[in-house]
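# A look at the structure
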Amino acid sequence: MSDMNRPGSAVGESDHIRTGLSKEQLKQAYIDNLFYLLGRFLEVATPHDSYMAAAYTVRDRMLDRWIKTARTYKASQARTVCYLSAEFLLGPHLAKNLINLGIMEVSREAGAELGLDFEAILEQEEEPGLGNGGLGRLAACYLDSLATLQIPAIGYGIRYEFGIFDQLIEDGWQVEKSDVWLRDGNPWELPRPKLRFPVRFGGHTETFQDDGRVRVRWIPDLVVEGRAYDTPILGYGVSNANLLRLWSAHAPESFDFQAFNTGDYYGAVHAKVEAETISKVLYPNDEPQAGKELRLKQQYFFASCSLQDMIRLQLGAAGTLEGFHEKFVVQLNDTHPAIAVAELMRLLIDEHRMDWEPAWEITRRTFAFTNHTLLPEALETWTVALFGRLLPRLLEIVYEINRRFLDKVRMHFLGDEARIARMSLIDEGHGRRIRMAHLATVGSFAINGVAEMHSELVKSTILKDFHDLWPERFHNVTNGVTPRRFIIVSNPRLARLLTECCGDDGWVRDMDRLRSLEPLADDVGFHEDWRRMKTAAKRDLADWLRRRVGVNVDPETLFDVQVKRIHEYKRQHLNVLHIITLYERLKAEPNRDVAPRTFVFGGKAAPGYLMAKLIIKLINSVAEVINQDPQVNDRLRVVFMPDFNVKNAQHLYPAADLSEQISMAGKEASGTGNMKFAMNGALTIGTLDGANVEIREEVGDENFFLFGHTAEQLQRLQAEGYRPWEICNDRFELRSALDLIASGLFSHGDKELFRPLVENLLYQDPFMVLADYELYLDRQTEVSHAWRDPKHWNRMSILNVARMGKFSSDRSIRDYCERIWRVRPVPAEL
Ligand code: HBZ
């Protein structure tokens, strides 16, 4: 990495003066950690030892802030946001923490004086991949913004022993390898062995008399213990450090002993294994619901531990649970933690002997719920049979919530039986299933979607009946991403340039200040800086791809990037059809003047999603043919970057020229990759879907390549009877591209390999790829023309960066704070 691209030298570097950290202190601390924690000395330390010592050195500096923050929050008795999420896709900690502490530069200098290779140390970190994609990464961005905005907040989730699988590409196919991120230790977390809670499973319930009241006792057949592991989350440019608390599942010791005493050794071991399985592995499904027992166990496990922890804090501070909903607001990140609604009721009623009405009042005023998808196959439901077997007491509570809720519905919509059936928490139609989105909605005071368009669709489709009943509970909070991770850490050159232009680094906490770049969009000198920055980033990526993937790409070409989970609705295959058409055009007309492009793809497919895996194979197969064809490979290159994760992604955002956001309109709730690219100066080619709509509004439609049918148009097409094969008859190039795939050209003559994909497109095309093909190609032709005019292109690129302020996650968190959570900053002082 060249000097210019060092993270952090742009911003926040006066900060170490405030933190009082000198180079000498850092050096000494590093050497001490190497010696006392790792039992090593400088001369023999491996790169991993160096990383561990560096990480401990940084963590020690974080603890001071963390403890002071905890003290301040405690004294202020401020309302606290609890963000419940089954996923947190944090990305590497070291660089981010150095930036947020404001000690990147001084650490680099200290490292140099010790003879350490700083970049190699950063590269050592194995990222915690505790999420699938957008939803998990959003949670990580929100933690960053909560700390930066000095909001008392706790992230609660699961400490999976294995995160999202590592992706290898073998013979063009995705191969999954388990992610062993904890193998070499995790220096960022603090185990809290004393902080543990029991979580019950199975068994049965009994009623008993208590003070003249009938109460319920749950006799489980398995008790699991949740143990806390804490990771501090630093704010940027402030002294606040918040808490991410992840739960790890264990067998309670007492349980083992019981079994041992009765001589049931295998029974004890079995119970231990069963308990520990709960936090073993992250489910790798992005979207389709996994109807797995273990998944329901995971959800209940972390919801219960988190609520028990909040109750402990509340009782410690106030001695009573009465004001619980004033002390805590709990945000449900999709329905994965929705069981918390019933669990809080259980804890209040069964364990803390409250009556139903006051308990429900607290519960209803505690939760808020974010929906992240409209895809019907992703909406979570659990069969009553499984739910009742695993969580018998919670099933009773869900039934009671439902009974009382349906009475209200009946009164509101007199005699509308169809509506009552639609709104019930139980779907009686499909083998009796509990609808988790309904439970979350009924138990929440606020419900939100993640982009304007998505929130409108939530109100008019999946939760329409609820919106009719409680319109005031529905909100929109458009997603955002953190500029600390996605500009400063990923793109230090851009960060430096922005700081220069703005006069200081204030834009990092107030991205609207980037508007001051607008006048520079026509400044010749600034264009030169912009071009130099972009070219350097593209060279870095080209180097990285050569070393990591073994392909050569030309930094002078247009870098056209689509990275995200592989899914038919995201339409990576539409992108491939464009590439094949360009290929055919060049083959037919070898001297044709086309803008040379490098197409980069990346993303994981759910291991059981065969069509998505076939799309990966297709991309790699097309790459193999095109990259080896000397007639075109100076103008077309295709690369599949394996193992797309936060760490690898950071190499892409600075280097992209064109960002592909081409989902079928109405399907992508928001998208956040679209934001990461645009704020790094890539132009977007995209449909009117999710946050694309708002990005285009902000950057200006003349600076955005819009294409495709609208969601309404597609719906109409479908209603009229969509016949994709007929589109093919009229569109010669489309027919020809599909024929080429079917011919075996990309599969060494095998005509069967891609048949399922081609036939699916021709005869079903559920995501209407063919309907948008021609509009997409036309728009891509305009992209190529625009690329030929660098002045125009750079102008658009600069304006994109200048106008992306809305998509900082700081704005999203401010929206949540003001409209939903009603919480205020509590600054911590060092
Ligand atoms: O959440 C994504 C949406 O697809 C995307 O449009 C949005 O920007 C983002 C943040 O709001 N949804 C997911 O990432 N969903 C999951 O990762 C997921 C994980 C496990 C599941 C279901 C969905 O069981």
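On a predicted model such as this, the values are computed, not experimentally measured, just so you know.

Definitions and cut-offs
- Residues numbered from 1 in each chain as written.
- Predicted model: local features only at pLDDT ≥ 70, side-chain atom pairs only at ≥ 80, totals over all residues.
- Heavy atoms only, no water.
- Domains from an automatic or database assignment.
- Near = heavy atom within 4 Å.
- Polar contact = N/O pair within 3.5 Å; in protein donor to acceptor, adjacent residues only side chain to side chain.
- Areas by Shrake-Rupley, 256 points an atom, 1.4 Å probe, with all protein chains shown as cover.
- Nonpolar A, V, L, I, M, F, W, Y, C, P; charged D, E, K, R; others polar.
- Helix = DSSP H or I, 4+ residues; strand = E, 2+ residues; numbered from the N terminus.
- Buried < 20%, exposed > 50% of the residue type's maximum accessible area, 1.4 Å probe, protein only.
- Contact = heavy atoms within 4.5 Å.
- 1 Å grid on protein atoms, 1.4 Å probe; cavity = no way out; pocket = protein on both sides within 12 Å on 5 of 7 lines; lining within 4 Å.
- Points joined across faces, edges and corners; volume = space filled by probe spheres on them.
- Pairing = 2+ DSSP bridges.
- Axes fitted to C-alpha atoms, helices over the stretch in contact; angles between N-to-C directions.
- Salt bridge = Lys/Arg side-chain N within 4 Å of Asp/Glu carboxyl O.
- Parallel < 35°, antiparallel > 145°, perpendicular 65-115°, else oblique.
- Left-handed = near helix turned anticlockwise from the far one by under 90°.

### So, the domain arrangement of the chain
On domain assignment, one finds that the chain holds domain 1 (1–76 + 102–125), domain 2 (77–91 + 127–477) and domain 3 (488–813). Centre-to-centre, using C-alpha coordinates, domain 1 lies 37 Å away from domain 3.

### A closer look at the site of the ligand
Close contacts around the ligand come from 19 residues, with L135, H372, N479, E668 and G671 the closest. E668 is positioned such that a nitrogen or oxygen atom in its side chain is 2.7 Å from an oxygen atom of the ligand. S670 is positioned with one of its backbone polar atoms (N or O) 3.0 Å from an oxygen atom of the ligand. Surface burial for the ligand is 95%, taken as the share of its 520 Å² of free accessible area covered by protein chains. Split into classes, the residues belonging to the shell around the ligand amount to five nonpolar, nine polar and five charged.

### Focus: the environment of K177
Along the chain, K177 turns up in strand β6 (residues 173–177). The class of K177 is partly exposed, set by a relative accessible area of 44%. C-alpha separation for the pair K177 and I164, spaced 13 residues apart in sequence, amounts to 9.3 Å. Among residues more than four places away in sequence, those in contact with K177 are F165, D166 and L168.

### Describing the layout of surface pockets
Of the volumes computed, that of the largest pocket is approximately 800 Å³. Every element with two or more residues in the lining of the largest pocket is listed here: α3 (47–76), β4 (153–158), β11 (241–250) and α10 (293–318). If one sorts the elements of the lining of the largest pocket by residue count, α3 sits on top with seven residues. The residue makeup of the lining of the largest pocket includes at least three contributed by each of domain 1 (1–76 + 102–125) and domain 2 (77–91 + 127–477).

### Let's talk about the sheet that holds strand β20 (residues 597–602)
The strand order across the open sheet formed by six strands is β21-β20-β19-β22-β23-β24, and the pairing between neighbours is parallel. Every other strand in the sheet has two partners, leaving β21 (636–641) and β24 (705–706) as the edge strands with one partner each. Here strand β19 (residues 558–563) runs beside strand β22 (residues 658–661); their pairing, made up of two bridges, is parallel. Along β22, the bridge assignment pairs V561 with S659. Packing against the sheet, helix α24 (residues 610–627) makes contact with β20 and β21, and its axis sits at approximately 145° to β21.

### Things to note about the pattern of salt bridges
Going through the model one piece at a time under the given rule, you end up with 82 salt bridges. Here R346 makes a salt bridge to E351, at a shortest N to O gap of 3.0 Å. Its relative accessible area of 4% is what places R346 among the buried residues. Under the relative-accessibility criterion, E351 is labelled partly exposed at 36%. Note that R419 and D416 form a salt bridge whose closest N and O atoms lie 3.2 Å from each other. You can call R419 buried: its relative accessible area is 13%.

### Section: unusual backbone geometry
With a phi angle near 55°, D171 is a residue other than glycine that sits in the positive phi range. If you trace the backbone, D171 turns up in the loop between β5 (166–170) and β6. With relative accessibility at 63%, the residue D171 sits in the exposed group.

### Side note on the side chain of Q650
Take Q650: it is sitting in the loop between α25 (646–649) and β22. Within polar-contact distance, the side chain of Q650 engages the side chain of R485 at 2.9 Å.

### Observations concerning the environment of L683
Turning to its location among the elements, L683 is positioned in strand β23 (residues 683–686). Here the alpha-carbon distance between L683 and L520, two residues 163 residues apart in the chain, equals 17 Å. Apart from the residues lying within four places of it in its own chain, the contact partners of L683 are D657, L658, S659, N703, F705, W793, M796, S797 and N800.

### Looking at the packing of helix α23 (residues 572–588) against helix α32 (residues 769–787)
Between two packed helices, what matters for the description is the angle formed by their axes and the separation of those axes. Packing of α23 against α32 brings their axes to within 10 Å, and their N-to-C directions diverge by 55°. Between α23 and α32, the angle is such that the two are oblique. Regarding α23 and α32, the two cross each other, and that crossing is right-handed. Here H573, L574, N575, L577, H578, T581 and R585 of α23 come into contact with α32, specifically with V769, L770, Y773, Y776, L777, Q780 and T781.

### Digging into the pairing of β11
Taken across its 10 residues, β11 has 10 buried, putting it largely inside the fold. Alternating residues of β11 divide into A241, L243, R245, W247 and A249 and N242, L244, L246, S248 and H250, and every residue in both groups is buried. Bridge analysis of β4 against β11 gives five bridges, and the strand direction is parallel. Across the sheet, the residue bridging to G157 is L246, located in β11. Judged from the 10 bridges that link them, strand β10 (residues 222–234) and β11 form a sheet pairing that is antiparallel.

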